[in-house]
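The lines below spell out each chain.
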Amino acid sequence: MLLMAFVAITVSAETTTETEEVQNTSQTSTNDVPAWVKNIKFSGYAMLQYQGQDKEGAHTNSFNLRLARFILDGKIGDFDWRAQIQGTNAKGPGEPTVQLVDLYTEWRKYPEFKIRAGQFKRAFTFENPTHPITQGWRGYADVINRLSGFGDRAGEKSSGGRDIGVQLSGDILPNASGRKLLHYQVGVYNGEGINRSDKNNQKDIIGGIWIMPMKGVRIGAFGWHGSHGDMVVGYTPAGTAITDNVPLNRYAISAEYDKDEYTFRAEYLHSQGWGTGVVGNNVINYNLGDKADGWYAFGIVPIIKSKLHAKARYQTYRVAKEWSSSVNQVECGLNYFFTKNLEMHLEYSHVNDRNLAPDNHNYNLVDVELDFRF
């Protein structure tokens, strides 16, 4: 990717030089540069973070490098393509992770019928495909993280809501003004997350559909049917692990208004299927039960247009679909925009975690982020 970016920049510089020479000598050589090379665009963004919390016995107070991403986008005929690399400290301080997160191409000749193939976001929920900076919070809602392939309840390694597969999507049913009223998307995936081949030769099918009755409004529903392979479901008397496929069925109901810097979104997710509860683990934890659910609702509104936004969010995630296993959060904060590509997020969260000791259910969290794009 870095080599390709260098080539794109070099070609741009050479093209400029050649153009100047043409003006002086009436000679043209820019036609020798392939169109797909000219269409390569290099971009990226970074998120710097300070976070502190007063959880009993686990106080933290730290500056973090939340993540950095470097992106190459291009176009070849009717096909768009993207390659994206991510660096993060997800494993903890001093243990950075660098990995390929996106690598796909999409045929986009017709907006009513597009085909995408490669590694990309799963077709599940409104929040999952939202840009981490545009999303506006210190992170995606817990229920999105746990039931949409980030730090998933099923035990799948953190995959940023992505998988490898093929997806069909499109916008149809235009109204009198030409605005499309219905969107559909359906994908077939390995079901193992990013950078991993299928373990059980059974594919996950994920689909969504939403209506757009007026500009800025979306009301949708999503479904997910699949499985995870090579899961430890028990042990023989001799202590040998017994592995098998574990079914997974999920659905989501979503609603959103996003227009003129006002954003309101709410989603409910439900999951059925045994899980491990530990990211990157394949041993089923039957104590969690085979069901989980959660929801969130938030609003972000402008105080000073294009400069200062206020925000509030409520969220609940129940790892075993019981209130005794719920994590509930009430959050509020501000987003300040220095420029279009540089912004600061300030957030306070009051957390009620009923999985903790009875006298220590509640704690507070403060998060400050400086995010920039290039």
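Preceding this paragraph is the structure being described.
*Asks:* Before we move on, could you go through the overall build of the chain and cite the residues and values that matter?
*Replies:* Secondary structure summary: the chain contains three helices and 16 strands in total. For the chain, buried positions account for 43% of its 374 residues. Put simply, of all contacts in the chain between residues at least 6 apart along the chain, 55% involve residues at least 24 apart.

*Asks:* So, the environment of H228: which residues are in play, and what are the values?
*Replies:* Here H228 shows up in strand β9 (residues 217-235). C-alpha separation for the pair H228 and G155, spaced 73 residues apart in sequence, amounts to 9.1 Å. The contact partners of H228, leaving out residues within four places of it in the chain, are A154, E156, G191, E192, N200, D244, N245, V246 and L248. A polar contact of 3.4 Å, which involves the side chain of H228, links it to the backbone oxygen of G191.

*Asks:* Talk me through the pattern of salt bridges; I want residue IDs and the actual numbers.
*Replies:* Pairs can form between side chains of opposite charge once their charged atoms are near each other. With the rule as written, the count across this model stands at 22 salt bridges. The partner of E369 in a salt bridge is R66, with the nearest N and O atoms 3.1 Å apart. Here R66 lies in strand β2 (residues 60-76) and E369 lies in strand β16 (residues 362-373), a separation of 303 residues in the sequence. Neither residue differs from the other here; E369 and R66 are each classed as buried. A salt bridge links D163 to R122; its shortest N-O distance comes to 3.0 Å. Here R122 lies in the loop between β5 (113-121) and α3 (142-147) and D163 lies in strand β6 (residues 162-174), a separation of 41 residues in the sequence. Note on D163: relative accessible area 0%, which makes it buried. Overlapping salt bridges bring together K75, D80, E106, R108 and R116 as one network.

*Asks:* Could you give an account of the packing of aromatic side chains, naming the residues involved and the relevant values?
*Replies:* One pass over the full model with this rule turns up 19 aromatic pairs. Seen from their ring centres, Y50 and F63 are 5.2 Å apart, and the 55° between their planes marks the pair as tilted. Of the two residues, Y50 is situated in strand β1 (residues 41-53) and F63 in strand β2; the sequence distance between them amounts to 13 residues. Judged by relative accessible area, Y50 falls into the partly exposed class, the value being 26%. Residue classification places F63 among the exposed residues on the basis of a relative accessible area of 71%. For the ring pair Y336 and F338, a centre distance of 5.0 Å and an interplane angle of 85° mean the geometry is edge-to-face. Here F338 falls in the partly exposed class, since its relative accessible area comes to 39%.

*Asks:* Now, about the nonpolar core: what can you tell me, with residues and values included?
*Replies:* The biggest cluster of nonpolar side chains holds 29 residues, and the ones touching the most others in it are F124, V143, I144 and L269. If you list the elements that add at least two residues to this core, you get α3, β8 (204-211), β9, β10 (241-259) and β12 (291-304). A total of four residues in this core trace back to one element, the largest contributor, which is β12. Not counting residues within four places of it along the chain, the set of residues in contact with V143 comprises S148, L269, D293, G294, W295, Y296, T316 and Y317.

*Asks:* Which residues make up the pairing of strand β15 (residues 342-353), and what values do they have?
*Replies:* Pairing geometry for strand β14 (residues 326-339) and β15, over twelve bridges, is antiparallel. Directly across from V330, in β15, lies its bridge partner H350. Pairing analysis gives eleven bridges linking β15 to β16, with the strands arranged antiparallel. Paired with Y348 across the two strands is V366, which belongs to β16.

*Asks:* A description of the environment of S227 should follow, citing residues and the corresponding values.
*Replies:* Position of S227 relative to the elements: it lies in strand β9. Of the residues examined, S227 reaches a relative accessible area of 4% and is grouped as buried. The spacing of S227 and N200 is 27 residues in sequence and 8.4 Å in space, taken between C-alpha atoms. Apart from residues lying up to four places away in sequence, S227 is in contact with G191, N200, Q202, D204, V246, P247 and L248.

*Asks:* Let's hear about the side chain of N335: which residues, and what values?
*Replies:* Turning to its location among the elements, N335 is positioned in strand β14. Within the structure, N335 has its side chain in polar contact with the backbone oxygen of G136 (distance 3.4 Å). Within the structure, the side chain of N335 is placed 3.0 Å from the side chain of K311, a separation counted as a polar contact. Once residues within four sequence positions are removed from consideration, N335 is found in contact with G136, K307, L308, H309, K311, M344, H345 and L346.

About the thresholds
- Residues numbered from 1 in each chain as written.
- Predicted model: local features only at pLDDT ≥ 70, side-chain atom pairs only at ≥ 80, totals over all residues.
- Heavy atoms only, no water.
- Helix = DSSP H or I, 4+ residues; strand = E, 2+ residues; numbered from the N terminus.
- Buried < 20%, exposed > 50% of the residue type's maximum accessible area, 1.4 Å probe, protein only.
- Contact = heavy atoms within 4.5 Å.
- Polar contact = N/O pair within 3.5 Å; in protein donor to acceptor, adjacent residues only side chain to side chain.
- Salt bridge = Lys/Arg side-chain N within 4 Å of Asp/Glu carboxyl O.
- Phe/Tyr/Trp six-rings, centres within 6.5 Å; stacked < 30°, edge-to-face > 60°.
- Core = buried A, V, L, I, M, F, W, Y, C linked by side-chain atoms within 4.5 Å.
- Pairing = 2+ DSSP bridges.

Distances and angles like these do not, on their own, reveal function.
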